[in-house]
Amino acid sequence: MRLDKWKTIIILFVFCGMLNSCGGKQPQMDTSPVSNTQNLAQDDLSSNDLVLSFRITWKSYSGRGEAIQAIVDQYNRQADDTITLTDGDEDRAAVETLLTSEPETIFVLPYRFIQYFGGKGYLQDLTGTFADEKALFYDTVWALASVDGKTFGVPWLGHSMCLLYNKNLLESAGLRAEAITSMESFLDMLDTIDKKTGVKGLALVGAESNDLSWMVNQFIYGFGSSLVSEDGKTVAIHNEKSVRALETYRDLLGPYAQQTWLNDTAEGALSAFRNQETAFVILGIWGVTDILKNGSPFEVGILPLRNIGLCSEVGPMMMAVPAGMSAQGKEAAYDFIRYMISREAQEEIMKGEYSPEHDVYYPFRTPIRYDMADSQIFIDHPEYLTFIEGFQTPSIDVPVPGWQTVKDEIYTPGLHRVMSGEITIEAFLSDVETRGNQILQEQ
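Cut-offs applied
- Residues numbered from 1 in each chain as written.
- Predicted model: local features only at pLDDT ≥ 70, side-chain atom pairs only at ≥ 80, totals over all residues.
- Heavy atoms only, no water.
- Helix = DSSP H or I, 4+ residues; strand = E, 2+ residues; numbered from the N terminus.
- Buried < 20%, exposed > 50% of the residue type's maximum accessible area, 1.4 Å probe, protein only.
- Contact = heavy atoms within 4.5 Å.
- Areas by Shrake-Rupley, 256 points an atom, 1.4 Å probe, with all protein chains shown as cover.
- Core = buried A, V, L, I, M, F, W, Y, C linked by side-chain atoms within 4.5 Å.
- Pairing = 2+ DSSP bridges.
- Axes fitted to C-alpha atoms, helices over the stretch in contact; angles between N-to-C directions.
- Salt bridge = Lys/Arg side-chain N within 4 Å of Asp/Glu carboxyl O.
- Parallel < 35°, antiparallel > 145°, perpendicular 65-115°, else oblique.
- Nonpolar A, V, L, I, M, F, W, Y, C, P; charged D, E, K, R; others polar.
- Left-handed = near helix turned anticlockwise from the far one by under 90°.
- Right-handed = clockwise from strand over helix to strand, strands pointing away.

Novice: Any details on the overall build of the chain? Residues and values, ideally.
Specialist: Looking only at helices and strands, one finds 19 helices and 16 strands in the chain. The buried share of the chain, reckoned over its 443 residues, is 52%. Looking at the chain alone, contacts between residues at least 24 apart form 75% of all its contacts between residues at least 6 apart. Of the roughly 20,900 Å² of accessible surface on the chain, 50% is carried by carbon and sulfur atoms.

This is how it looks when you write it as structure tokens:
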């Protein structure tokens with residue numbers, strides 16, 4: 001009986017194996033409830049959850065990129081859609097290609113690119129979309145995102161310049177920065193510093209570079225001139241006000257600058273200030289944090305450029321949306337942009353990039369909203385508010401897209417030759433006017 005029982009079991013086992021062999025294709029047709037639920041979840045994710053890219057102008061793995069990533073992460077935790085941070089730069093040709101090839105991307109662009117690409121039809125017209133948010137910014141800043149009355153960008157962060165000074169040096173010379181109320185009083189102080197301490201007064205830029213253009217333009221605007229006419233169609237710099245601005249920079253301030261100023265960019269000017277070769281420098285907030293990063297050899301004071309009759313060079317970075325973005329993408333992009341200009345996100349900007357070496361966060365740019373005075377970061381560091389105030393009376397380095405060509409081909413090279421004495425101020429201004437008008441008319 002026991003043997004017959006085992007024979008029966010073996011026969012059944014073989015029979016089941018034959019059935020499985022004959023029906024080997026059946027498992028591929030499995031429609032179990034568990035499999036259906038998983039497939040539906042995946043389909044629902046792909047159709048309803050949108051993923052947009054946020055292209056910044058820095059590497060995502062840099063200190064600045066990591067600081068921005070933290071803000072994006074905050075948004076993603078409370079949003080239905082997902083924003084992914086991607087690396088970027090300010091290569092205009094590359095951006096132009098990406099605006100059409102990757103339309104589901106929110107772009108961070110300098111204001112001059114906003115005007116350029118907006119005018120060419122590459123960017124979504126945002127006129128009216130952020131009407132309520134517009135009141136949070138100075139009109140002068142919002143206007144930088146506009147072309148022919150249409151708005152193509154939303155200000156996010158940026159920089160403005162201030163007059164930074166070595167507090168310790170001034171105190172040792174018995175001088176008070178509050179006494180600086182005009183260019184004349186500033187020149188008097190530089191002369192006193194030179195005689196009492198042997199230290200030069202103001203670090204200047206003289207090398208043929210982008211830095212020379214924006215540095216000098218603060219004097220051009222401050223002295224009442226401008227680069228182009230109000231309609232942006234003609235060069236407006238050839239006048240007596242511009243002559244006085246250039247004479248002040250080269251002839252009055254030049255003798256109080258560091259010895260290498262004719263060959264220095266802004267980095268050279270900052271180096272001279274850091275090494276206490278000069279008592280003053282004109283730079284953005286990174287000029288303050290640079291001293292902190294280098295062991296705080298002295299305390300940095302901050303004065304608005306209006307104290308010496310200058311306008312502050314500003315560089316607003318703006319968020320923009322490609323014209324070809326989908327309707328669903330635009331809805332998500334607008335929600336993200338509103339978050340990025342909220343007080344919560346703007347305060348995060350001021351926390352800055354992390355320095356593992358010093359275990360400290362350093363601001364690298366400033367928020368552009370002008371109602372940040374009562375936020376915690378500015379309560380702790382009220383001196384930083386001076387940088388935001390600079391957006392109220394800005395010096396615009398590229399007022400119209402066509403000026404970029406004028407700047408690169410004529411203006412910046414000519415400025416260096418003026419500073420070195422190779423050409424006269426009159427010859428320079430005349431050349432910029434003649435050749436600049438040709439370029440503006442062509443473009």
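Novice: Any chance you could break down the nonpolar core for me, citing the residues and the numbers?
Specialist: With 143 residues, the main nonpolar core has Phe-54, Leu-164, Phe-186, Tyr-249, Phe-280, Trp-403 and Tyr-411 as its most contacted residues. The contacts of Tyr-249, once residues within four sequence positions are left out, are Leu-204, Val-205, Leu-212, Met-215, Val-216, Phe-219, Gly-254, Trp-261 and Met-419.

Novice: Could you give me a rundown of helix H5 (residues 111–119), with the residues and numbers involved?
Specialist: Among the nine residues that make up H5, seven are buried, leaving the element largely enclosed by the rest of the structure. Residues of H5 that are buried include every one of Tyr-111, Phe-113, Ile-114, Gln-115, Tyr-116, Phe-117 and Gly-118, and no others. Check the buried side of H5 and you find it contacts helix H4 (92–101), strand S3 (105–110), strand S4 (146–147) and strand S12 (317–320). Directly beyond the C-terminal end of H5, a positive phi value near 85° is found at Gly-121.

Novice: Run through the sheet that holds strand S6 (residues 154–158), naming residues and quoting values.
Specialist: Overall, mixed pairing links the six strands, which are arranged S2-S1-S3-S12-S6-S15 in an open sheet. Of all strands in the sheet, those bounded by a partner on one side alone are strand S2 (82–86) and strand S15 (366–367). By the bridge criterion, five bridges tie strand S1 (residues 51–55) to S2 in an arrangement that is parallel. Across the sheet, Val-51 pairs through a bridge with Thr-82, a residue of S2. Its contacts with the sheet put helix H3 (residues 63–78) on S1, S2 and S6, and the angle it makes with S2 is roughly 175°. Across the sheet, H5 lies against S3 and S12, angled at about 120° from S3, the strand it touches most.

Novice: Please set out the sheet that holds strand S8 (residues 200–203) residue by residue, giving values where relevant.
Specialist: Read across the open sheet, the four strands follow the order S8-S9-S7-S10; overall the sheet is mixed. Of all the strands in the sheet, just S8 and strand S10 (300–303) have a single pairing partner and so form its edges. The sheet shows a mean angle of 20° between the axes of neighbouring strands, taken without regard to direction. Bridge analysis of strand S7 (residues 162–166) against S10 gives four bridges, and the strand direction is antiparallel. Bridging from a neighbouring strand, Leu-163 pairs with Leu-303 of S10. Across the sheet, helix H13 (residues 286–293) lies against S7, strand S9 (278–283) and S10, angled at about 175° from S10, the strand it touches most.

Novice: Now, about the pattern of salt bridges: what can you tell me, with residues and values included?
Specialist: Under the defined criterion, the tally for this structure stands at 14 salt bridges. Here the salt bridges share partners, and the residues they tie into one network are Glu-267, Arg-274 and Asp-290.

Novice: Explain the packing of helix H11 (residues 240–253) against helix H18 (residues 403–419) residue by residue, including any values.
Specialist: With their axes 10 Å apart at the nearest point, H11 and H18 run at an angle of 50° to one another. Compared by their axis directions, H11 and H18 come out oblique. Listed contacts from H18 to Leu-246, Tyr-249 and Arg-250 of H11 are Leu-415, Val-418 and Met-419. Here the residues of the contact of H11 with H18 are counted per class, giving five nonpolar, no polar and one charged.

Novice: Before we move on, can you summarise the packing of H11 against helix H19 (residues 425–442) with the specific residues and values?
Specialist: Remark: H11 packs on H19, axes separated minimally by 10 Å, with the N-to-C direction vectors making an angle of 130°. Taken together, the axes of H11 and H19 are oblique relative to one another. In this structure, H11 crosses over H19, and the sense of that crossing is right-handed. Within the contact between the two elements, H11 uses Ser-242, Val-243, Leu-246, Glu-247 and Arg-250 and H19 uses Ile-425, Phe-428 and Leu-429. Its residues placed into classes, the contact of H11 with H19 shows five nonpolar, one polar and two charged.

Novice: Tell me what's going on with unusual backbone geometry, and back it up with residues and numbers.
Specialist: Phi is positive for Asp-148, close to 55°, though the residue is something other than glycine. Here Asp-148 is to be found in the loop between S4 and strand S5 (150–151). Although it is not a glycine, Ser-296 sits at a positive phi angle of roughly 50°. Inspection of the secondary structure assignment puts Ser-296 in the loop between H13 and S10.

Novice: I'd like a description of the pairing of S2, backed by residues and values.
Specialist: Side chains Ile-83 and Leu-85 of S2 all project onto a buried face; the interleaved residues Thr-82, Thr-84 and Thr-86 project onto a face where none is buried. Following the backbone out of S1, through H3 and into the adjacent parallel S2, one traces a crossover that is right-handed.

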